Structure formats: structure tokens, C-alpha cells
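Below, each chain spelled out in residue letters.
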Amino acid sequence: MILVTGATGNVGSALLRELQECGAGLLRGFTRDASRASFPKGVEAVEGDFAAPESLKPALDGVRSLFLVSRIGPDAEIIAAAGRAGVEHVVLVSSITVQSHPHLGPAGENLTVERLLKDSGMAWTILRPTQFASNAMMWAASIRSGETVRAPYAEIGLPTIHPADIASVARVALTEPGHRGRTYALTGPEPVTARQQVEAIAAALGRDVPFIEISRQEARDQMTAVFGEEAADAVLDVTGGDVNDELLAVRDTFSQVTCFPGRPFRQWAEENVHVFR
């Protein structure tokens with residue numbers, strides 16, 4: 001039995017499809033509302049909430065492998081519950097900022113979760129992806145209404161990763177030998193700037209999408225109102241304000257693990273163009 005948490009998210013939903021398609025065996029998806037979850041045929045939907053860790057107990061019954069996204073709940077309690085339930089192997093999605101920006105608060109929190117897992121006695125595989133292609137959904141409302149997309153650091157290209165690529169590596173780690181005790185830094189196949197992302201979305205839509213670069217301060221003011229100052233600064237640092245070679249590097253880890261080329265941003269834009277219409 002494999003339990004996928006975050007089963008309706010960008011990575012979890014893609015992972016369930018891949019596991020079902022490859023005949024991975026018994027599959028279970030953890031979701032807040034089972035009545036609204038649309039899982040592949042044969043996937044058992046189990047309802048629960050990380051805010052109530054006791055709801056994990058029935059979800060973990062009989063589970064031997066667990067897919068977990070860091071920092072979506074009380075990680076220490078979740079990992080402890082998995083250990084008590086007899087889970088043998090956990091595939092954890094952390095962040096490449098553990099390597100590139102260890103001084104930032106969210107990176108430190110991810111590193112703490114990684115250490116909790118390593119100290120748990122369970123086998124582990126840690127995935128450290130870079131910026132998700134799906135982060136571009138933050139522009140969806142502006143694009144749908146024909147407004148100008150406004151973003152800082154327009155010409156800084158990060159090797160943005162398709163969420164399905166993270167799912168593919170997780171599927172391999174969960175179903176094939178040789179990946180326990182490994183940490184994988186994951187990126188997309190090429191750098192792509194914010195301006196290029198908007199251009200790719202415009203191409204998928206078949207119409208122009210206006211774009212303007214704004215200052216860090218303007219972006220910070222907008223983000224602080226929603227996320228707070230610390231989170232705003234952290235996001236801006238890792239999207240351009242404090243880039244370094246570790247963050248900018250294009251890695252071939254995905255291809256090495258899966259034997260397939262990584263999906264470019266334009267593919268993500270084409271697959272998700274409906275979000276922007």
C-alpha cells in the first residue's frame with residue numbers, strides 16, 4: 001500500500017496517475033474532502049486533515065510507503081505517526097533552498113523536517129525541487145481579465161520545474177530499488193525568465209499578454225500585505241534578489257532517475273492554458 005498525501009495537489013495528483021498507470025499496487029489518496037476528490041480508478045480516497053493529526057491513523061493503516069510534502073502540517077507528529085503505523089519508506093518533497101538559501105526561515109524549516117525523517121528509523125528519499133512551473137498560476141486572474149502581468153526580476157531565468165517531473169521522480173523512488181537514502185536536487189531542463197513564462201502562456205492562448213517589470217520594493221509591498229514581510233523577502237530572494245549558482249544550475253537529475261527528458265515550461269503552459277482563458 002502506498003499513501004499519497006496532498007493527493008489533489010499539482011504533484012500528488014500527477015503521482016497518483018503515474019502510480020496507477022504503472023500498476024504500482026494498492027494506492028490510497030489522502031484528502032480533506034473525499035466526496036470532491038477525483039482520483040484514478042482503483043485509488044482509495046481517505047479523508048483527513050493534517051490540522052487533526054489523529055485523522056492520519058486510519059489513512060496509514062497497512063501503508064508501507066508514504067509520499068509526503070514538507071511543511072503542510074505538523075511534520076514531527078506526521079512522521080512519528082507514520083513510524084508507529086509501520087511505514088517502511090517515506091518520499092519527502094523538500095526544497096532546493098535547503099542548498100541554495102539555508103539562511104532563510106523556510107529553508108531552515110525544510111531542513112528540520114529532513115532531519116526528523118532521517119532520524120525516524122524509516123527509509124527515506126528526499127526530493128529538493130526548484131521553483132514550480134505552476135507558480136505562474138498567480139498571474140491567472142490578471143491574464144484572464146486582460147490586465148498587465150507585473151513581476152520583478154523579469155530577466156533572471158530559473159530552471160523552473162514541471163510538477164509532473166517531481167511526481168515522476170517520486171514514482172520511481174516509490175516503486176524501484178536503489179533510491180532509499182538518496183537526496184535529489186531537481187530542476188527543469190532549461191532556465192526560463194518571468195518574461196519568457198508570460199510569453200509561453202501568451203503563445204498557448206494565441207494572443208498577446210502585456211508584461212511589465214516592477215521593482216523589488218513594489219513587489220514586496222504587494223506580497224507583504226498577503227504573506228507578511230519575512231515570507232515576502234524570502235520569496236523575492238529566491239526568485240531573483242539573491243540568486244546564486246546553486247539556484248541557477250540546471251541539473252540532469254530528472255533524466256538520470258527517469259531516463260526521460262524534463263518537461264519544458266512551454267509544455268506546462270500548453271497543458272494548463274485553460275487556467276488563463
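The structure contained in this document is the topic of the report that follows. Counting of residues starts from 1 at the beginning of each chain's written sequence and follows it residue by residue. Totals for whole chains, interfaces and linings use all residues, but because this is a predicted model, local features are given only for residues with pLDDT of at least 70 and pairs of side-chain atoms are given and counted only at 80 or more. Note that water and hydrogens are dropped before the side-chain values are worked out from all heavy atoms of the structure.

## Some thoughts on the nonpolar core
Core analysis: the largest hydrophobic core is formed by 29 residues, its most contacted members being Val 4, Leu 15, Phe 67 and Leu 127. Segments assigned H or I by DSSP are reported as helices when at least four residues long, segments assigned E as strands when at least two residues long, and all are numbered from the N terminus. Broken down by element, this core gets its largest block of residues, eight residues, from helix α7 (residues 163–175). By definition, residues are in contact when any of their heavy atoms lie within 4.5 Å. Ignoring any residue separated from it by four or fewer positions in sequence, one finds Leu 127 in contact with Val 91, Leu 92, Val 93, Ser 94, Ser 95, Ile 166, Val 169, Ala 170, Tyr 184 and Leu 186. Here the nonpolar core consists of buried residues drawn from Ala, Val, Leu, Ile, Met, Phe, Trp, Tyr and Cys, with membership extended through side-chain atoms lying within 4.5 Å. Buried means the residue's accessible area, taken with a 1.4 Å probe over protein chains only, is under 20% of the maximum for its type, while exposed means over 50%, and partly exposed covers the values in between. Residues Trp 139, Val 149, Val 198 and Val 209 belong to the second largest nonpolar core, which totals 23 residues.

## Description of the sheet that holds strand β2 (residues 27–31)
Sheets are built from strands paired through backbone hydrogen bonds, the pairs being either parallel or antiparallel. Here, any two strands with at least 2 DSSP bridges between them count as paired. Across the sheet, which stays open at both edges, the seven strands sit in the order β3-β2-β1-β4-β5-β6-β8 with parallel pairing between neighbours. Across the chains shown, the open sheet's two edge strands, defined by having one partner strand only, are β3 (44–47) and β8 (182–186). Here the average twist between neighbouring strands, direction ignored, is 20°. Both strand β4 (residues 65–69) and strand β5 (residues 89–93) contribute to a ladder of five bridges, which runs parallel. Residue pairing in the sheet places Phe 67 in a bridge with Val 91 of β5. Axis lines are fitted to C-alpha atoms, over the contacting stretch for helices. Their N-to-C directions set the angle, which ranges from 0 to 180 degrees.

## Some details on the packing of aromatic side chains
Between the rings of Phe, Tyr and Trp (Trp by its six-membered ring), a pair exists once the centres lie within 6.5 Å; its type follows the angle of the planes, with under 30 degrees stacked, over 60 edge-to-face, and the other angles tilted. Evaluation of the coordinates by the stated rule reveals three aromatic pairs. Aromatic side chains Phe 30 and Phe 50 sit 5.1 Å apart centroid to centroid with 50° between the ring planes, which places their arrangement in the tilted category. Note that Phe 30 is positioned in strand β2 and Phe 50 in the loop between β3 and α2 (56–60), a separation of 20 residues in sequence. The burial state of Phe 30 is the same as that of Phe 50; both residues are buried.

## As for the environment of Pro 261
Positionally, Pro 261 belongs in the loop between α12 (253–258) and α13 (265–271). Sequence separation between Pro 261 and Pro 189 is 72 residues, and the spatial gap between their C-alpha atoms is 7.5 Å. Leaving out residues up to four positions away in the same chain, Pro 261 has contacts with Phe 254 and Ser 255.

## Considerations on the pairing of β4
The buried count for β4 comes to four of five residues, which makes it a mostly enclosed element. Bridge count for strand β1 (residues 2–4) against β4 is three bridges, and the pairing is parallel. Residue Ile 2 lies in a different strand from β4, and its bridge partner there is Ser 65. On the question of chirality, the crossover connecting β4 to the parallel β5 by way of helix α3 (residues 75–85) is right-handed. When the strands point away from the viewer, a crossover counts as right-handed if the path from the first strand over the helix to the second runs clockwise.

## Details of the pattern of salt bridges
Any carboxyl oxygen of Asp or Glu within 4 Å of a side-chain nitrogen of Lys or Arg constitutes a salt bridge here. One pass over the full model with this rule turns up 16 salt bridges. Residue Arg 64 pairs with Glu 88 through a salt bridge whose shortest N-O separation is 3.7 Å. One end of the pair, Arg 64, is in the loop between α2 and β4; the other, Glu 88, is in the loop between α3 and β5, and 24 residues separate them in sequence. Exposure remark for Arg 64: the relative accessible area of 36% places this residue in the partly exposed category. Between Glu 176 and Arg 171 there is a salt bridge, and its shortest N-O distance comes to 3.6 Å. Here the salt bridges do not stand alone but share partners, grouping Arg 216, Arg 220, Glu 229, Asp 233 and Asp 237 into one network.

## Considering unusual backbone geometry
Unusually for a residue other than glycine, Arg 71 sits at a positive phi of about 65°. Summarising the element assignment, Arg 71 is placed in the loop between β4 and α3. Although it is not a glycine, Tyr 153 sits at a positive phi angle of roughly 55°. By the secondary structure assignment, Tyr 153 is in the loop between β7 (149–151) and α7.

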